[in-house]
Amino acid sequence: MTLHRILPFAFAGFAACCMTLSAQAAPLKTDTGKSTVTIVFKQLNVPVNAKFKKFNAQIDFNEAKPETSKASVDIDIGSFDLGDPEYNQEVTKKEWFNAAQFPKATFVATSIKPVSAGQFNVAGKLSIKGKTSDVQFPLTVKKDGAAQVFDGTVPIKRLTYNIGEGDWKDTDTVADEVLIKFHIVAAP
C-alpha cells in the first residue's frame, strides 16, 4: 500500500476545526451538511487532501464582546476519509491516529481577539492522540442569511501528536506540516 493518502491529520480541527464563534449570545447549531473539516499534507512533496466526515462544534459567540466567546470541537477520528477504504483503515492504526485508544480529537478555544471587522485571532488547545498543544490561527466570520460562517486554517506539525510513528516519523516521505482547514456554518 502506498502511503500516498495515508496521512491522518487531524483535526482537527479541527480540528481543527472548527472552532468558534457566531454572532449570537447563545450556542449555535452547526449545519453538518454545509460544514467541513479537511486537512492538507504533502506525501512525497505532493499535496494530499482528506476530510473528517463526523465532527461536532459547540459555538457561543458574543460579537460585542468576543473575548467572552466560547468554542469547542470534537472530531471523530474513525471518520477520517482519504477517499479509499483501505487507506482509511490504515490511518486508524496505532502508527497513525490510533483510533481504538484515541477515538476523538478536540479543540477548545482559550481566547479570541478581534483584529478588524469579521477578522479574529483565536488561540486554544488542540488534543490529538493523547497529546495536547497550544495552537493559534486567524478566523474569518461572516453572515449568510441567519447563519454565521466561520473559516480558518490551523497549521500543525504531525509529529507533535505522534501521528506517524516508527518508520513513518521520516518526514521525507510524509511532511511534518499539516493544515487543518475548517468551514463551519452555524445558526441559532
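Residues numbered from 1 in each chain as written. Predicted model: local features only at pLDDT ≥ 70, side-chain atom pairs only at ≥ 80, totals over all residues. Heavy atoms only, no water.

### Thoughts on the overall build of the chain
Let me state the cut-off plainly: What counts as a helix is a DSSP run of H or I of at least four residues, what counts as a strand is a run of E of at least two, and both are numbered from the N terminus. Contacts were defined at the residue level, with two residues in contact if any of their heavy atoms lie within 4.5 Å. In short, Shrake-Rupley with a 1.4 Å probe defines the accessible areas, and a residue's cover is counted only from the protein chains shown.
Within the chain, the regular secondary structure consists of one helix and 12 strands. Taking the intrachain contacts of the chain between residues at least 6 apart in sequence as the baseline, contacts between residues at least 24 apart amount to 66%. Accessible area of the chain: about 8,900 Å², with a carbon and sulfur share of 50%.

### Describing the confidence of the model for the chain
Here is the rule: Values of pLDDT, the confidence the predictor places in each residue, fall between 0 and 100.
Across the chain, the average pLDDT comes to 87, with 86% of residues at 70 or higher. Every residue in residues 1-25 scores below 50 in pLDDT, and together they form 145 contacts with partners more than four places removed in sequence or on other chains.

### Points about the pattern of salt bridges
Keep this limit in mind: Salt bridge, as used here: a side-chain nitrogen of Lys or Arg that lies within 4 Å of a carboxyl oxygen of Asp or Glu.
Per the counting criterion, the structure on display carries six salt bridges. When the shortest N-O distance is used, the salt bridge between Glu 165 and Lys 129 registers 2.5 Å. Here the residue Glu 165 occupies a position in the loop between strand 11 (147-157) and strand 12 (174-187), and Lys 129 occupies one in the loop between strand 9 (119-128) and strand 10 (131-144), the gap between them amounting to 36 residues. Among the charged side chains, a salt-bridge network with shared partners connects Lys 94, Lys 129 and Glu 165.

### Points about the pairing of strand 11
Side-chain direction in a regular strand flips from residue to residue, so the side chains alternate between the two faces of the sheet. Defined as follows: When DSSP finds at least two bridges between two strands, those strands are taken to pair.
Summarising the sheet, strand 10 and strand 11 pair through six bridges and their orientation is antiparallel. Bridge pairing in strand 11 places Leu 139 opposite Gly 152. Looking at chain direction, strand 11 and strand 12 are connected through 10 bridges and run antiparallel. Within the sheet, the bridge partner assigned to Gln 148 lies in strand 12 and is Ala 186.

### Regarding the environment of Pro 155
Along the chain, Pro 155 falls in strand 11. Here the alpha-carbon distance between Pro 155 and Phe 137, two residues 18 residues apart in the chain, equals 7.6 Å. Discounting residues that sit within four places of it in the chain, Pro 155 has contacts with Gln 136, Val 178 and Leu 179.

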